[in-house]
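Inside the fold
So the chains spell out like this:
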Amino acid sequence: MEKGRGMTGWDWEIWRKNSVRALKIAIGSCMAIFIAELLQLDYAISAGTIALLSIVTTKWATVRLASARLLSFGFAVVAARTVVYYMESTWLAFGVYVFVVVIISYMLKWDQSISVNVVAGAHLVMAEEFTGAAVINEFQLVCIGICIAIVLNLLFPDQKKTIIRSMRETEQMLQDIMEGLADYLHGREMDRSVWEEITELEDKLERAVARAYEYQDNTWASHPAYYIRYFEMRARQCSLLHNLHEEMRRIRCMPRQAEIVSGYLLYLRQYVVEINATDAQMEQLTQIFQQMQYQPLPKDRQEFENRAILYHILMDIEEFLLLKKRFVETLDEKQKKIYWNTSGR
């Protein structure tokens, strides 16, 4: 299957992730069974099942799930011992055991531990004798399956390079869109669709935010939420450019002042980068507002309406800058050192 033939880039990425996860589950299950057999444990194949049930999409989710399963194992052993002691009927004892485990797991929010505890409990309830050796056997199976799941998720491909590449692509697309909007205001000939570029960027940013959330759950690095906030900020900026483009299309006849706004957009586009605090651009925009106040008054109603839209466009550009300014102001010194020092990345 070739990328791009009947499959979008995002579809291809999802297919690749699912394939990697399927491979991890298959390898993990085989390894767990192999280790259990080396240790000559009873029900060795169950270690593979536990590994399969313990491998989830992210590292932190796997760790949380593993912790819940280890904590709930003790309760499962007590429940199994109780029903075996009081009930002679194996099938009835197992039914009561499952009922108790499920009810308590829901109460304690251990839902995802139910499957593993039922597997372990089944072995203990069905065994001819409930002994300490049997409990240790089940505990070892659980530990093997969980440890294999954690180790395999530690090998999860590092997404940082992909995220940083998405950041650079986002900045380039924003710059290109701003250049297109500047050309539109200036009345230049255009052989491109800014509307389509904005729509494409909105789709890319939606995927980038999802990828950043996934990275946050798949890394031990500090401040991973930085990337989420960055892409969310860019998504809001893109939405502003979307509105700005709509406003431009409402201008029936471009006033002369549109050239001033066009020039500012061309000036601003070079500063749509990650490491920029926007102070100089805000000062420049303030001068533009002052300059607009000294422009000659509109001659008729149509020019007045067009100038009013143009002024609103400037206000949208100001909000565009404020979004980045707020983003920068919420960074602490440690975050600036980590993320704004490109040599350390």
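In this text the structure is predicted, and so the values were computed from the model without any measurement. (Residues numbered from 1 in each chain as written. Predicted model: local features only at pLDDT ≥ 70, side-chain atom pairs only at ≥ 80, totals over all residues. Heavy atoms only, no water.)

1. Side note on the overall build of the protein chain
The criterion, for reference: Each helix corresponds to a stretch of at least 4 residues labelled H or I by DSSP, and each strand to a stretch of at least 2 residues labelled E; elements are numbered beginning at the N terminus. When accessible area is computed with a 1.4 Å probe and restricted to protein chains, residues below 20% of their type maximum are described as buried, those above 50% as exposed, and intermediate ones as partly exposed. Residues count as neighbours in contact if any of their non-hydrogen atoms are within 4.5 Å of one another. Where accessible areas are quoted, they stem from the Shrake-Rupley method and a 1.4 Å probe; at the residue level, only the protein chains shown are allowed to cover.
Within the protein chain, the secondary structure is distributed over 13 helices and zero strands. Element order for the protein chain, N to C, with α for helix and β for strand: α-α-α-α-α-α-α-α-α-α-α-α-α. Buried residues in the protein chain amount to 43% of all 345 residues. Taking the intrachain contacts of the protein chain between residues at least 6 apart in sequence as the baseline, contacts between residues at least 24 apart amount to 77%. With the model as given, the accessible surface of the protein chain reaches about 18,900 Å², and the carbon-plus-sulfur share is 57%.

2. Examining a negative patch on the surface
To keep things clear, this is the line we draw: Candidate patch residues must exceed 30% relative accessible area and have no salt bridge, after which like charges are joined if within 9 Å and Val, Leu, Ile, Met, Phe, Trp or Tyr side chains if within 5 Å. For this document, the term salt bridge refers to a Lys or Arg side-chain nitrogen within 4 Å of an Asp or Glu carboxyl oxygen. Positive charges come from Lys and Arg alone, negative charges from Asp and Glu alone, with His and the N- and C-terminal ends not counted. For this purpose, a charge sits on NZ of Lys, CZ of Arg, CG of Asp or CD of Glu.
Judged by side-chain charge, E196, E200, D203 and E206 come together as a negatively charged surface patch. By the secondary structure assignment, D203 is in helix α8 (residues 194-216). Residue classification places D203 among the partly exposed residues on the basis of a relative accessible area of 38%.

3. Thoughts on empty space enclosed by the protein
Gaps left between atoms show up when a probe the size of a water molecule is rolled over them. Basically, it comes down to this: Here the term cavity refers to a set of points on a 1 Å grid, laid over the protein atoms alone, in which a 1.4 Å probe fits but cannot get out; the term pocket refers to an open set having protein on both sides within 12 Å along at least five of seven lines, with lining residues being those that place an atom within 4 Å of a point. Grid points are joined across faces, edges and corners, and a volume is the space filled by probe spheres set on the points. As a working rule, the residues Ala, Val, Leu, Ile, Met, Phe, Trp, Tyr, Cys and Pro are called nonpolar, Asp, Glu, Lys and Arg charged, and the rest polar, with Gly in that last group.
Going through the model one piece at a time under the given rule, you end up with one cavity of 30 Å³ or more. Approximately 70 Å³ is the volume attributed to the largest cavity. Considering each element in turn, the lining of the largest cavity owes the most residues, three residues, to helix α12 (residues 301-329). Class assignment for the residues of the lining of the largest cavity results in six nonpolar, four polar and two charged.

4. Details of the UniProt feature "transmembrane region" (unreviewed entry) in the protein chain
For the record, the criterion: UniProt positions are given in the numbering used here, feature names are shortened, and annotations may be inferred rather than shown by experiment.
Residues annotated in UniProt with the feature "transmembrane region" (unreviewed entry) correspond here to residues 21-41, 61-84, 91-108 and 139-156. Here residues 21-41 runs as 86% helix and 0% strand, with 27 Å between its end C-alpha atoms. The span residues 91-108 shows a helical share of 94% and a strand share of 0%, and its end C-alpha atoms are spaced 26 Å apart.

5. So, the state of the cysteines
To be explicit about the condition: Any two cysteine sulfur atoms lying within 2.5 Å of each other are counted as a disulfide.
This structure, assessed with the given rule, holds zero disulfides. We note that C147 lacks a disulfide partner, and the nearest cysteine sulfur, in C143, lies 5.9 Å from it. Judged by its relative accessible area of 45%, C147 is partly exposed.

6. Observations regarding the pattern of salt bridges
Taken as a whole and assessed by the stated rule, the structure comprises seven salt bridges. A salt bridge links E274 to R168, with the shortest nitrogen-to-oxygen separation between them at 2.8 Å. Placement of the pair is E274 in the loop between α10 (258-269) and α11 (279-293) and R168 in helix α7 (residues 160-186), with a sequence separation of 106 residues. On the accessibility criterion, E274 (3% relative accessible area) is buried. With a shortest N-O distance of 3.9 Å, R269 and D176 are connected by a salt bridge.

7. Observations regarding the packing of helix α4 (residues 90-107) against helix α5 (residues 114-126)
Condition: Axis geometry follows a simple rule: fit a line to the C-alpha atoms, using only the stretch in contact for helices, then measure angles between N-to-C directions, giving values from 0 to 180 degrees. Throughout this description, any angle smaller than 35 degrees is read as roughly parallel, any larger than 145 degrees as roughly antiparallel, any in the 65 to 115 degree range as roughly perpendicular, and the remainder as oblique. Crossing handedness follows the turn of the near helix against the far one: under a right angle anticlockwise gives a left-handed crossing, and clockwise gives a right-handed one.
In the contact formed by α4 and α5, the axes pass within 10 Å of each other and the chain directions differ by 155°. The angle between α4 and α5 falls in the class roughly antiparallel. Read as a crossing pair, α4 and α5 show a hand that is right-handed. Residues T90, A93, F94, Y97, V98, V101, V102, S105 and Y106 of α4 form the contact with α5, whose own contacting residues are I114, N117, V118, G121, A122, V125 and M126. Per-class residue counts for the contact of α4 with α5 are 12 nonpolar, four polar and no charged.

8. Observations regarding the nonpolar core
Rule in force here: Nine residue types can take part in a nonpolar core, namely buried Ala, Val, Leu, Ile, Met, Phe, Trp, Tyr and Cys, and a core is a set of them joined through side-chain atoms within 4.5 Å.
Grouped together as the largest cluster of nonpolar side chains are 55 residues, with contacts concentrated most on Y227, F231, I313 and I317. Within the residue set of this core, elements represented by two or more residues are α7, α8, α9 (225-249), α10, α11 and α12. Examining the composition of this core, we find that 11 residues originate from one element, α9, more than from any other.

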